[in-house]
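# Chains, contacts and geometry: an overview
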Amino acid sequence: MTISPTFHVRETILTALQADAAVAALIPADSLYPSKTPNNPTKPFGRYGVETNIPSRPSGWRGGEVSGAYHVWVGVTDAIPDPKTYCEQCVEAVAEVIDALPDCYVERTQLLEDGEEADLWHGVIQFAFTALAEI
């Protein structure tokens, strides 16, 4: 059997995030995107981001070491008057889910104020994931 490490990681993370009650309480499951977002998505939303794979071929196994990031965006709404704090809460919830996955750990998180849109916050959760399959 072979494995596409990046596909495996993306699907594993997205499935876990969409199934998590704490994440869903902050970001609707249908607003957690695999990589491409629709035009003008409703905030808050999340999107799987950049990924890098370093192939790994231990004896009897194939796969890779995937480094990647999941992103969240939060803006001001009637229900979210403080998008920075809300974004921090989203980042924490997403990071907990990702860090709890087997063979995966969160390396760092980051919170950025978007320079192009007032009151928009962007959270980044960077992770490393070992994706191997026995051959």
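Further up the page is the structure itself.
Residues numbered from 1 in each chain as written. Predicted model: local features only at pLDDT ≥ 70, side-chain atom pairs only at ≥ 80, totals over all residues. Heavy atoms only, no water.

### Here we look at the nonpolar core
Using the following cut-off: Within this scheme, the nonpolar core is defined by two criteria: the residues are buried Ala, Val, Leu, Ile, Met, Phe, Trp, Tyr or Cys, and they are joined through side-chain atoms within 4.5 Å. Exposure classes here rest on a 1.4 Å probe applied to the protein chains alone. A residue is buried below 20% of its type maximum, exposed above 50%, and partly exposed in between. Secondary structure elements follow DSSP: runs of H or I of four or more residues count as helices, runs of E of two or more count as strands, with numbering from the N terminus. In this analysis, two residues are considered to be in contact whenever any of their non-hydrogen atoms come within 4.5 Å of each other.
Membership of the largest hydrophobic core comes to 30 residues, with the highest contact counts inside it found for Ile13 and Tyr70. Looking at this core, the elements with two or more residues in it are helix 1 (5–19), helix 2 (21–26), strand 3 (61–75), helix 3 (83–100) and strand 5 (120–134). Among the elements that line this core, the one with the most residues is helix 3, at nine residues. Among all residues touching isoleucine 13, those that are not within four sequence positions of it are Tyr48, Tyr70, Ile98, Leu101, Phe127 and Phe129.

### Considering helix 3
Which entries qualify depends on this criterion: To estimate the expected span of a helix, subtract one from its residue number and multiply by 1.5 Å.
An ideal rise of 1.5 Å per residue puts 26 Å on 18 residues; helix 3 measures up with 26 Å between its terminal C-alpha atoms. Turning to helix 3, its buried residues number three or more, namely Pro83, Tyr86, Cys87, Cys90, Val91, Ala93, Val94, Ala95, Val97 and Ile98. Tucked inside the fold, the buried residues of helix 3 contact helix 1, helix 2, strand 3, strand 4 (104–113) and strand 5.

### Concerning the pairing of strand 5
To keep it simple, the criterion reads: Pairing between strands is defined by DSSP: at least two bridges between the two strands are required.
Counting buried residues in strand 5 gives 11 out of 15 residues, a clear majority hidden from the surface. In the sheet, strand 3 pairs with strand 5 via 15 bridges, with the strands oriented antiparallel. Bridging from a neighbouring strand, arginine 62 pairs with alanine 133 of strand 5. Summarising the sheet, strand 4 and strand 5 pair through nine bridges and their orientation is antiparallel. Of the residues in strand 5, the one forming a bridge with glutamine 110 is valine 124. A loop of six residues connects strand 4 with strand 5, the two strands running antiparallel in sequence, and aspartate 119 in this loop sits at a positive phi of about 60°.

### What to know about the pattern of salt bridges
Charged atoms that come close allow side chains of opposite charge to pair. The cut-off we apply is this: Salt bridges, as used here, are contacts in which a Lys or Arg side-chain nitrogen is within 4 Å of a carboxyl oxygen on Asp or Glu.
What the rule picks out here adds up to one salt bridge. Taking the shortest distance from any N to any O, the salt bridge between arginine 10 and glutamate 51 comes out at 3.0 Å. In this pair, arginine 10 sits in helix 1 while glutamate 51 sits in strand 2 (residues 45–56), placing the two residues 41 residues apart along the sequence.

### Some thoughts on the sheet that holds strand 1 (residues 32–33)
Here is the rule we go by: Axis lines are fitted through C-alpha atoms, for helices just across the contact stretch, and the angle between N-to-C directions can take any value from 0 to 180 degrees.
With mixed pairing, the five strands of this open sheet are ordered in space as 1-2-3-5-4. Lying at the two open borders of the sheet, with one neighbouring strand each, are strand 1 and strand 4. Sitting on the sheet, helix 1 touches strand 1, strand 2, strand 3 and strand 5, and the angle it makes with strand 5 is about 125°.

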